Amino acid sequence: MTGLPSDVDVAVIGAGAAGIGAARRLREAGTVSIVVLEARERVGGRVHTIAPAGFPLDRGAEWLHSADRNPLSPIAQHLGFSVHRRPPEWTTRLRRSGETIKAEEEWIATREAQSRARRRAAAEPVDRSLATLLSPGGRWNKLLDATSTWGNGAELERVSVKDYVRYEDSGTNWRLAEGYGRLFQTLAEGLPVAHESAVSRIDHGGSAIRLEMARGTVAASRVIVTVPTSIIAQEVIRFDPALPDKLAAAAGLPLGVDNKLFISLEGALPGVERGAYLVGSTTSRETMSYQVRPLDRPAIYCFFGGRFAAALEREGQTAMFSFAVDELARLLGNDVRKRMAPLASTAWQRDPWARGSYSFALPGHADDRAVLAAPVDDRLFFAGEACSPNFFSTAHGAWLSGITAAEGVLTSLRTAEGDH
Ligand SMILES: Cc1cc2nc3c(=O)[nH]c(=O)nc-3n(C[C@H](O)[C@H](O)[C@H](O)COP(=O)(O)OP(=O)(O)OC[C@H]3O[C@@H](n4cnc5c(N)ncnc54)[C@H](O)[C@@H]3O)c2cc1C
């Protein structure tokens, strides 16, 4: 662990995907002294791989979304990670959840119609929520809502249409056998990260910016803030002088909740091929998505979101497990119960340095991403997934936003040097 320097050219707050991207870009420039101040004892933030049963499990980011355009895909390959390219069938195979093939086709057609309606609505002058596009009493409304909690971490009524359609999804999703978290751990190697260094105040009133922590104070000429929007909105870090625009933008981009439960599975499941997805219920918004034997592992990965995930998180792992086992037993028969045991689970909302999973924009707040990302006085820079204009809520969006902020810092330092 790096000790705390008393002053540096650039301090990066947060060693998640954005902070690691920013610090690597600054180090590459070779001309500036840097420190990365990280509240946790580990790097990666919302990307974290664990291995409680001997094989890697990603507690946070797992998928290289838009993998064919994702800058981390070639980096992972270059570093020798094994990239799995099997396309996931997220919420398309409803026949495994007790629906007929005809119903499954209707569902897919409904999803496509929603997607077209979202693009049309986004072109209207006034923003609105995704829920306004549902047909009243529609057969698939609850499943559309559940799907929103998995994708956005929030129910349709909370999500801005304009922001939603700005996300660029190439439809290609890959993952790393070793874990996405391990990739970021590798990318952070050799960076000057000071752990257990939670910043509580950023004093940017003087000629140097002063960053206060319980461990001490660091003075920096430039700062890149990469913490989640929750940390800014809830004033875990205070800016002095205050930055009301940043606070308002962070509040307009709250973090939704998505959690994972990992279950160990003995043997195969009847009629479910390895790697297959199941939806627990097609008629309730309180349901989980399951992947059975992913990457041929003796496990089931369960994914759930929104208010339901926040409530289950408060109840704890036993409640999560019992919910999942009941749903799976309803679909596959009671015999499966005795072949499952809980392995691990997440509680991202209670995590003090995340306070949620990933950002979505409230209706009317799509433009808050640009407000949040804008530098202050050309010396306080902002990055993190919520600052990404097109890849928000993802690890690669965070990584790219970190690189953009680092380039902004380097340009501002060159400009300041030229002025002297
Ligand atoms: C369950 C779940 C599933 C996901 N699935 C995917 C996926 O499949 N693919 C994908 O691309 N993305 C996924 N994501 C989203 C992805 O993990 C995040 O968008 C991304 O990792 C955010 O990176 P970041 O650098 O912006 O923020 P963070 O990773 O949160 O990094 C910020 C860092 O700042 C630190 N910090 C906070 N407060 C302070 C402070 N006061 N002082 C110092 N340090 C502080 C934190 O500890 C953290 O390390 C998922 C997330 C979750 C939770």
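See the structure above.
Structure report, in brief. (Residues numbered from 1 in each chain as written. Predicted model: local features only at pLDDT ≥ 70, side-chain atom pairs only at ≥ 80, totals over all residues. Heavy atoms only, no water.)

Now for the packing of aromatic side chains. Any aromatic ring pair is given by two values, namely how distant the centres are and how the planes are angled relative to each other. With the rule as written, the count across this model stands at 9 aromatic pairs. Here Y180 and F184 contribute two aromatic rings whose centre-to-centre distance is 5.5 Å and whose plane-to-plane angle is 40°, an arrangement assigned as tilted. You can see Y180 and its partner F184 sitting in helix α6 (residues 180–187), 4 residues apart, about one turn around the helix. The pair Y180 / F184 is uniform in exposure class, with both members buried. Judged by centre distance (6.0 Å) and plane angle (50°), the rings of F239 and F382 are tilted. Taken together, the positions of F239 in strand β12 (residues 238–240) and F382 in strand β20 (residues 380–382) put the pair 143 residues apart, joining distant regions of the chain. (Phe/Tyr/Trp six-rings, centres within 6.5 Å; stacked < 30°, edge-to-face > 60°. Helix = DSSP H or I, 4+ residues; strand = E, 2+ residues; numbered from the N terminus. Buried < 20%, exposed > 50% of the residue type's maximum accessible area, 1.4 Å probe, protein only.)

Turning next to the site of the ligand. Taken together, 40 residues form the shell around the ligand, and within it E38, R46, W63, E385 and A395 come nearest. In the model, an oxygen atom of the ligand is placed 2.7 Å from a nitrogen or oxygen of the R46 side chain. At 2.8 Å from an oxygen atom of the ligand is found a main-chain nitrogen or oxygen belonging to E385. Contact with the protein chains covers 99% of the free accessible surface of the ligand, which is 1000 Å². Broken down by secondary-structure element, the contributors of at least two residues to the shell around the ligand are α1 (17–29), β14 (258–265) and α12 (395–419). For the shell around the ligand, the class distribution of residues is 20 nonpolar, 12 polar and 8 charged. (Near = heavy atom within 4 Å. Polar contact = N/O pair within 3.5 Å; in protein donor to acceptor, adjacent residues only side chain to side chain. Areas by Shrake-Rupley, 256 points an atom, 1.4 Å probe, with all protein chains shown as cover. Nonpolar A, V, L, I, M, F, W, Y, C, P; charged D, E, K, R; others polar.)

Taken together, 5 strands build an open sheet; the order of strands is β15-β16-β17-β14-β18 and the sheet is antiparallel. The open sheet terminates on both sides in strands that have one partner only, identified here as β15 (277–279) and β18 (340–345). When the angles between neighbouring strand axes are averaged without regard to direction, this sheet yields 25°. Two elements, β14 and strand β17 (residues 299–305), share 7 bridges in a ladder whose sense is antiparallel. By the bridge assignment for β17, S264 is matched with A299. Taken strand by strand, helix α4 (residues 141–151) contacts β14, β15, β16 (289–292) and β17, and its axis lies near 100° from that of β17. Of the strands in this sheet, β14, β15, β16, β17 and β18 touch helix α10 (residues 317–332), which is tilted by about 135° from β18. (Pairing = 2+ DSSP bridges. Axes fitted to C-alpha atoms, helices over the stretch in contact; angles between N-to-C directions. Contact = heavy atoms within 4.5 Å.)

Turning our attention to the packing of α6 against α12. Put simply, α6 and α12 touch, their axes get as near as 12 Å, and they point 20° apart. Comparing their axes, α12 and α6 come out roughly parallel. As α6 packs across α12, the resulting crossing turns out to be right-handed. In this structure, α6 uses Y180, F184 and L187 to contact α12, whose residues at the interface are A395, H396 and W399. For the contact of α6 with α12, the class distribution of residues is 5 nonpolar, 1 polar and no charged. (Parallel < 35°, antiparallel > 145°, perpendicular 65-115°, else oblique. Left-handed = near helix turned anticlockwise from the far one by under 90°.)

Moving on, we come to the pairing of strand β11 (residues 216–225). Extensive coverage of β11 is indicated by the burial of 7 of its 10 residues. Of the strand pairs in this sheet, strand β1 (residues 7–13) and β11 are connected by 6 bridges, and their pairing is parallel. Note that in β11 the partner of V8 across the bridge is A220. Where strand β10 (residues 209–213) meets β11, 5 bridges bridge the pair, whose relative direction is antiparallel. Its bridge partner lying in β11, E212 is registered against T217. Connecting β10 to the next strand, β11, in antiparallel fashion are 2 residues. Pairing analysis gives 3 bridges linking β11 to β20, with the strands arranged parallel.

Right, let's get into the pattern of salt bridges. Under the definition given, this model contains 27 salt bridges. E28 is the salt-bridge partner of R25, the closest N and O atoms lying 3.4 Å from each other. You can see R25 and its partner E28 sitting in helix α1, 3 residues apart, about one turn around the helix. Residue class for E28 comes out exposed when judged on its relative accessible area of 61%. Residue E106 is joined to K102 by a salt bridge in which the shortest nitrogen-to-oxygen separation is 3.4 Å. A residue pair is termed a helical-turn pair when its members lie 3 or 4 positions apart in one helix, as E106 and K102 do in helix α3 (residues 101–122) at 4 residues. Look at E106 and you get partly exposed, because its relative accessible area is 36%. By sharing partners, the salt bridges in this structure join E89, R93, R95, R96, E104 and E273 into a single network. (Salt bridge = Lys/Arg side-chain N within 4 Å of Asp/Glu carboxyl O.)

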